[in-house]
Amino acid sequence: QVQLVESGGGLVQAGGSLRLSCAASGSTFSINDMGWYRQAPGKQRELVASISRGGRTNYADPVKGRITISRDNEKNNVSLQMNSLKSEDTAVYYCYVRTIWSKDHWGQGTQVTVSS
């Protein structure tokens, strides 16, 4: 099992920045991909960004150029630096990892609210 603890959400004005962090514990040797999803009210959960163990990144089109994902394999954490935030970025952000057995583990979620 892998446990995930997120931090860094909050309220920010449009155009501002936030940094989300997620620390993994447990069977961290099994982690392959790490990343973030988000879910806005009334919408489906959607991928924000992901990063492989080797550092290959993938971003959703709406966040390209504004959000950067990074990970530290030794510390087993993944971060999301979000800049130029927009009201449409308001959502609950969930950290996830995918193991080498293709099993997904999720964090509890952290609220990001962008005021216009």
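Residues numbered from 1 in each chain as written. Predicted model: local features only at pLDDT ≥ 70, side-chain atom pairs only at ≥ 80, totals over all residues. Heavy atoms only, no water.

Excluding glycine, residues mostly have negative phi values, and the peptide bonds linking residues are mostly trans. Although it is not a glycine, Ser84 sits at a positive phi angle of roughly 50°. The topology assignment puts Ser84 in the loop between β8 (77–82) and β9 (91–99). Within the chain, Ser102 stands out as a residue other than glycine whose phi angle is a positive 60°. Tracing the backbone shows Ser102 in the loop between β9 and β10 (104–106). The exposure class assigned to Ser102 is exposed, which follows from its relative accessible area of 58%. (Helix = DSSP H or I, 4+ residues; strand = E, 2+ residues; numbered from the N terminus. Buried < 20%, exposed > 50% of the residue type's maximum accessible area, 1.4 Å probe, protein only.)

A separate point is the pattern of salt bridges. Scanning the model with the defined rule gives five salt bridges in all. Two residues, Arg38 and Asp89, come together in a salt bridge whose shortest N-O distance is 2.9 Å. Of this pair, Arg38 sits in strand β4 (residues 31–39) while Asp89 sits in the loop between β8 and β9, and the two are 51 residues apart along the sequence. Here the two residues Arg38 and Asp89 agree in accessibility, since each one is buried. Among the ionic pairs, Arg66 bridges to Asp89, the shortest N-O distance being 2.7 Å. You can see Arg66 sitting in the loop between β6 (57–59) and β7 (67–72) and its partner Asp89 sitting in the loop between β8 and β9, a full 23 residues away along the chain. When sorted by exposure, Arg66 lands in the same class as Asp89, which is buried. Because the salt bridges share partners, they merge into one network encompassing Arg38, Glu46, Arg66 and Asp89. (Salt bridge = Lys/Arg side-chain N within 4 Å of Asp/Glu carboxyl O.)

On to the pairing of strand β1 (residues 2–7), then. With burial as the criterion, only one face of β1 is covered, namely that bearing Val2, Leu4 and Glu6; the residues Gln3, Val5 and Ser7 on the opposite face remain uncovered. Two elements, β1 and strand β3 (residues 18–26), share six bridges in a ladder whose sense is antiparallel. Opposite Val2, over in β3, you have Gly26 as the bridge partner. (Pairing = 2+ DSSP bridges.)

Attention now moves to the sheet that holds β3. Spatially, the four strands line up as an open sheet ordered β1-β3-β8-β7, and their pairing is antiparallel. Among the strands making up the open sheet, the edge pair consists of β1 and β7. The average undirected angle you get between the axes of adjacent strands in this sheet is 15°. (Axes fitted to C-alpha atoms, helices over the stretch in contact; angles between N-to-C directions.)

Function cannot be inferred from these measures alone, as they are strictly geometric.
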